[in-house]
Amino acid sequence: MTRSAILGTGSYVPEKVLTNADLEKMVDTSDQWIRERTGIRERRVAGPELAASDLGVPAARNALEAAGMDPNDIDLIIFTTLTPDTMCPAAACWLQAGIGANKAAAFDLNAACSGFIYGLQAADAYVRSGLMRNVLLVSVDVMTRVIDWSDRGTCILWGDGAGAVVLGAARDGRKGVIDSLVRSDGREAELIYIAGSGSRLSPITPQAVQNHDHTLKMKGQGTFKTAVRCFTDVCVETLDRNGMKLSDVDVFIPHQANLRIIEAVAKRLRLSMDRIIVTVDKYGNMSSATIPVALDEWVREGRIRRGDHVLMAAFGGGLTWGASLIEW
Ligand code: UT7
């Protein structure tokens, strides 16, 4: 069976920076509270003319270039997002037209903040089975479009960004993607929830908009506790079933929701922070884009080297969570 590997990475974040000081002027909050409770200093905001696929295009181009591939080499585009350009067609199709990957099939996958891990498992399965040769996985969220800017409990957390990877057959004896494990629990759906804009509430009414039903609601404390438990369990289970230990992990890339969650998970897993990528301070929570953006930054800085064992784990709405293990 063909093994798959990440052959190229790319990312893009919009230029506009929204600082904690900016938020102090919008809601009753403070830079100190946000930094102490979340670790976030600033986040990026996409201009009104930019939709998810517009952020995805430069990230995808960077990943293709890094992989040494042409858009026509791509057989499948998987676009993970909870904020697609349109309900129809899929953001994957808008992106396909944007990069000219005209031979590819294209679809969207929504697993909220866990989208990249779900997408990686799917892309790996397509390549392993031989059904697709090269898969472009693009993870983008424009979270600032679904935020309630009057809710200080959520509006300080989120940002916009895009990450992409190209998966293809592992070469030169590389192991590549070792394993991915994904889980979900629909009974906890209302912990992180957007009530309006789907078929449950369509067309959205002026009354629903007035109630902010088109924006994201989150039960912060419940989500925090569950996140720490699920993150830890899925990492241990993924390593266990591959006969590996936490000491074998060279780089850990956790989903970036809150620095306190990352630190709590690091403590439980006994992983030192110098092996953990943190970007939440400068980008906030970009939902499914957080892991591939962090991955791309460390790859480009030469901080992930051939042979490194990279463990990635995510948690988010659904609830959904999962982990992937890669030999770089
Ligand atoms: O990616 C998807 C997964 N998402 C997550 O994992 C998010 C998980 N949750 C969290 O990150 C945290 O729960 C939050 C950052 C959202 C909130 O932090 P917390 O330590 O759980 O605070 P809290 O909700 O318990 O609120 C503590 C206090 C409250 O005031 P009182 O009731 O003690 O007077 C809040 O009203 O802090 C207040 N508060 C704020 N104060 C200043 C809440 N938000 C703010 C704010 N600025 N932005």
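See the structure above.
Now for a quick tour of the structure.

Scoring rules and cut-offs
- Residues numbered from 1 in each chain as written.
- Predicted model: local features only at pLDDT ≥ 70, side-chain atom pairs only at ≥ 80, totals over all residues.
- Heavy atoms only, no water.
- Helix = DSSP H or I, 4+ residues; strand = E, 2+ residues; numbered from the N terminus.
- Rg over C-alpha atoms; globule rule 2.2 N^0.38 Å.
- Buried < 20%, exposed > 50% of the residue type's maximum accessible area, 1.4 Å probe, protein only.
- Contact = heavy atoms within 4.5 Å.
- Areas by Shrake-Rupley, 256 points an atom, 1.4 Å probe, with all protein chains shown as cover.
- Lys, Arg positive; Asp, Glu negative; His and termini not counted.
- Charge placed at Lys NZ, Arg CZ, Asp CG, Glu CD.
- Phe/Tyr/Trp six-rings, centres within 6.5 Å; stacked < 30°, edge-to-face > 60°.
- Lys NZ or Arg CZ within 6 Å of the ring centre and 35° of its normal.
- Near = heavy atom within 4 Å.
- Polar contact = N/O pair within 3.5 Å; in protein donor to acceptor, adjacent residues only side chain to side chain.
- Nonpolar A, V, L, I, M, F, W, Y, C, P; charged D, E, K, R; others polar.
- Domains from an automatic or database assignment.
- Pairing = 2+ DSSP bridges.
- Axes fitted to C-alpha atoms, helices over the stretch in contact; angles between N-to-C directions.

**A closer look at the overall build of the protein chain**
Part 1: When helices and strands are tallied, the protein chain shows eleven helices and 13 strands.
Part 2: A compact globule built from 328 residues should have a C-alpha radius of gyration of about 20 Å, and the protein chain, at 19 Å, falls within 12% of that.
Part 3: If you line up the protein chain on its principal axes, its C-alpha atoms span 55 × 45 × 35 Å.
Part 4: Sorting the 328 residues of the protein chain into buried and exposed places 54% on the buried side.
Part 5: Within the protein chain, residue pairs in contact and separated by at least 24 positions form 77% of the contacts whose partners lie at least 6 positions apart.
Part 6: When the accessible surface of the protein chain is summed, it comes to about 13900 Å², and 49% of that surface belongs to carbon and sulfur atoms.
Part 7: Taking the 36 positively charged and 39 negatively charged side chains of the protein chain as two groups, their mean positions are separated by 4 Å.

**A look at the packing of aromatic side chains**
Part 1: As enumerated under the stated definition, the model contains one aromatic pair in all.
Part 2: A ring pair is formed by Phe231 and Phe315, whose centres lie 6.5 Å apart and whose planes are at 35 degrees; its orientation type is tilted. Taken as a pair, Phe231 in helix α8 (residues 220–240) and Phe315 in strand β12 (residues 309–316) lie far apart in primary sequence, 84 residues in all. Phe315 carries the same exposure label as Phe231, and that label is buried.
Part 3: The aromatic ring of Trp328 is capped on one face by Arg174, whose charged end is 6.0 Å from the ring centroid.

**Some details on the site of the ligand**
Part 1: In the vicinity of the ligand, 24 residues are found, and the nearest of them are Thr29, Arg37, Gln221, Asn258 and Asn285.
Part 2: Here Arg260 contributes a side-chain N or O atom positioned 3.4 Å from an oxygen atom of the ligand.
Part 3: Look at the ligand: alone it shows 950 Å² of surface, and the protein chains cover 73% of it.
Part 4: When contributions to the shell around the ligand are tallied by element, the ones reaching two or more residues are α2 (31–38), α6 (152–155), α8 and α9 (259–269).
Part 5: If one sorts the elements of the shell around the ligand by residue count, α8 sits on top with four residues.
Part 6: For the shell around the ligand, the residue count by class is eleven nonpolar, nine polar and four charged.
Part 7: Counting only domains with at least three residues in the shell around the ligand, you end up with domain 1 (4–173) and domain 2 (177–327).

**What about the sheet that holds strand β11 (residues 251–254)?**
Part 1: Spatially, β8-β13-β12-β11 is the arrangement adopted by the four strands of the open sheet, whose pairing is mixed. Across the chains shown, the open sheet's two edge strands, defined by having one partner strand only, are β8 (176–184) and β11. Taking each pair of neighbouring strands and ignoring which way they run, the sheet shows an average axis angle of 10 degrees.
Part 2: Sheet strands touched by helix α11 (residues 290–300): β11 and β12. Its angle to β11, the strand with the most contacts, is close to 150 degrees.

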